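An overview of the molecular structure
These are the residues of each chain, in order.
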Amino acid sequence: LGVGLGETVDEDFELNGVQALTVALAVGELIEEHSCEVGPCDHAEPPAWTSTQVGDTVYRHPSTLRAGFPAATLLPDAPCVIQIRAKRSYGSSPEVAVYVRRCDQEAARGVLDAILVRASELNPFRGKPVRASVAAGLTLSVIHLPETLTRETVVVDESVWREIDLGVTAVRDRYAMLNEHALGCRRGVLLAGPPGTGKSAVSAAVANEAIAAGFTVIYVEARAGTALLTNVVEEAQRLGGPVLIVLEDVDLWCRDRSHGSSGGLSELLQAMDIRPDARILTLASTNDAATLDAAAIRTGRFDSIVEVGYPDRDAAARILSGLVDGISGEVDAPAVAGRLPEKTSGSDLREIVRRAVLSGPGEVSTAALLAEIGSGRYRAQVPGSGQYL
């Protein structure tokens, strides 16, 4: 910079786990585009580069270094130095900083803002299904969705799809009109129902459709939801396009505060109070909506609560037909469904078919399915009596 340390100033920005990658990509792009001098960061170690794999792609980017850009490159009349520290170390967090002469401080802010904007544009997670977890801050990792779960293979009441479609339409198609009239396009849908009735399958089917429609899908782990859901939402807003956030079994970490510890309730409330114009659809699930705090499920946070109940006889027959397709001889699905006890879930039906496959020669029959239903062994139940040491 041509001046002493007393005449320099830096503008810095602390990075979360996702930005540590995206900002490093943006800084690496600047280094490749311009003639600059690259040197060590805080200590005498040489400048460091590393690689990060996102899905099937490996990205090479700076890890810890400073890059000096002469005048007329990033700033028209002044030199600047960019420092990137993408790794968390003892006593320091990931950070990007722009060093300039004191008289150029305002211009340094412009450089830093431009880096952050470009970092968002280079985000390699955009348009992919990812999982948000906690590992020294927020991290995202690409996941694979089960391709067999679609609207055709997941049998639930049509009211479930109708409510979800309202949310998809809001953030994908009608966001401009809704926001123009101050109605807001952000939506939240809560799936409520007993275990095994297909809530996770519905979420996966919606996620598959969303990816095909250009969404980014973010599955949030319980620990990340408790501690970093606000960061997840902020990252979703930086992505810019439509985003689907999936919160499975939200009752595990966000219970009614009147019943004791509320876990991540405050984090959920803060995260759901995002800008109403954000193109974000939140799809959450719970076994019992009554266990959630009333503040968490009011309109404006979750706009609708949809019951995903046990299948009726017709739905059970459809599920059975799908499960035995290709592995059965002659199966009378309606007759088998007619012998099912009350409150038989989709996961129960799957286990009935699995047990019939494992117990027989590999081909499922009506008699084999009825025998498994009669045994009752397809339900893992704790014995009602007895003493154990």
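For clarity, every value in this text was computed on a predicted model and none was experimentally measured. (Residues numbered from 1 in each chain as written. Predicted model: local features only at pLDDT ≥ 70, side-chain atom pairs only at ≥ 80, totals over all residues. Heavy atoms only, no water.)

**Here's the deal with the environment of Gln 105**
The condition that has to hold: By definition, any uninterrupted DSSP run of H or I lasting at least four residues is a helix, any uninterrupted run of E lasting at least two residues is a strand, and each is numbered from the N terminus. N or O atoms closer than or at 3.5 Å make up a polar contact, with two conditions inside protein: a donor-capable atom paired with an acceptor-capable one, and, for residues adjacent in sequence, both atoms drawn from side chains.
The topology assignment puts Gln 105 in helix H2 (residues 105-121). For the pair formed by Gln 105 and Ala 213, sequence separation is 108 residues and the distance between their alpha carbons is 43 Å. Here the side chain of Gln 105 touches Glu 11 through a polar contact of 2.8 Å, side chain to side chain.

**Focus: the pairing of strand E9 (residues 187-192)**
This is how it is decided: Three exposure classes are used, based on accessible area relative to the maximum for each residue type with a 1.4 Å probe and protein chains only: buried under 20%, partly exposed in between, and exposed over 50%. Strands are treated as partners if at least two bridges between them are detected by DSSP.
For E9, a buried count of five out of six residues is recorded, marking the element as mostly surrounded by other parts of the structure. Pairing analysis gives six bridges linking E9 to strand E12 (residues 280-286), with the strands arranged parallel. Bridging from a neighbouring strand, Leu 190 pairs with Ala 284 of E12. As paired elements, E9 and strand E13 (residues 304-307) share four bridges and run parallel to each other. For Leu 191, the partnering residue across the bridge sits in E13 and is Val 306.

**Here we look at the layout of surface pockets**
Test applied: In this analysis the probe radius is 1.4 Å and the grid spacing 1 Å, with only protein atoms considered; a cavity is a set of points the probe fits into but cannot get out of, a pocket is an open set with protein on both sides within 12 Å along at least five of seven lines, and lining residues have an atom within 4 Å of a point. Grid points are joined across faces, edges and corners, and a volume is the space filled by probe spheres set on the points. Under the scheme applied here, ten amino acids are nonpolar (Ala, Val, Leu, Ile, Met, Phe, Trp, Tyr, Cys and Pro), four are charged (Asp, Glu, Lys and Arg), and all others, including Gly, are polar.
The computed volume of the largest pocket comes to approximately 810 Å³. Taken together, 31 residues make up the lining of the largest pocket; nearest its centre are Thr 153, Val 154, Val 155, Ile 319 and Gly 346. Elements that contribute at least two residues to the lining of the largest pocket include exactly helix H5 (199-212), helix H8 (313-324) and helix H10 (346-359). Among the elements that take part in the lining of the largest pocket, H8 stands out by supplying five residues, more than any other. In the lining of the largest pocket, the residues fall into eleven nonpolar, eleven polar and nine charged. Here the second largest pocket is characterised by a volume of approximately 380 Å³. Every residue lining the second largest pocket is counted, 19 residues in all, and those nearest its centre are Gly 17, Ala 20, Leu 21, Thr 52 and Ala 86. Every element with two or more residues in the lining of the second largest pocket is listed here: helix H1 (17-33), strand E3 (48-54) and strand E8 (138-142). Here the lining of the second largest pocket is composed, by residue class, of ten nonpolar, seven polar and two charged.

**Details of the sheet that holds strand E7 (residues 129-134)**
Threshold: Where helices are involved, their axes are fitted lines through C-alpha atoms of the stretch in contact, as for all axes, and angles between N-to-C directions lie from 0 to 180°.
Strand order in the open sheet made by the seven strands is E8-E7-E10-E11-E12-E9-E13, with mixed pairing throughout. The strands lining the two open edges of the sheet, one partner per strand, are E8 and E13. On average, each strand axis in the sheet is inclined to that of its neighbour by 25°, with strand direction left out of account. Inspection of the sheet shows strand E11 (residues 243-247) paired to E12 by five bridges, in the parallel sense.

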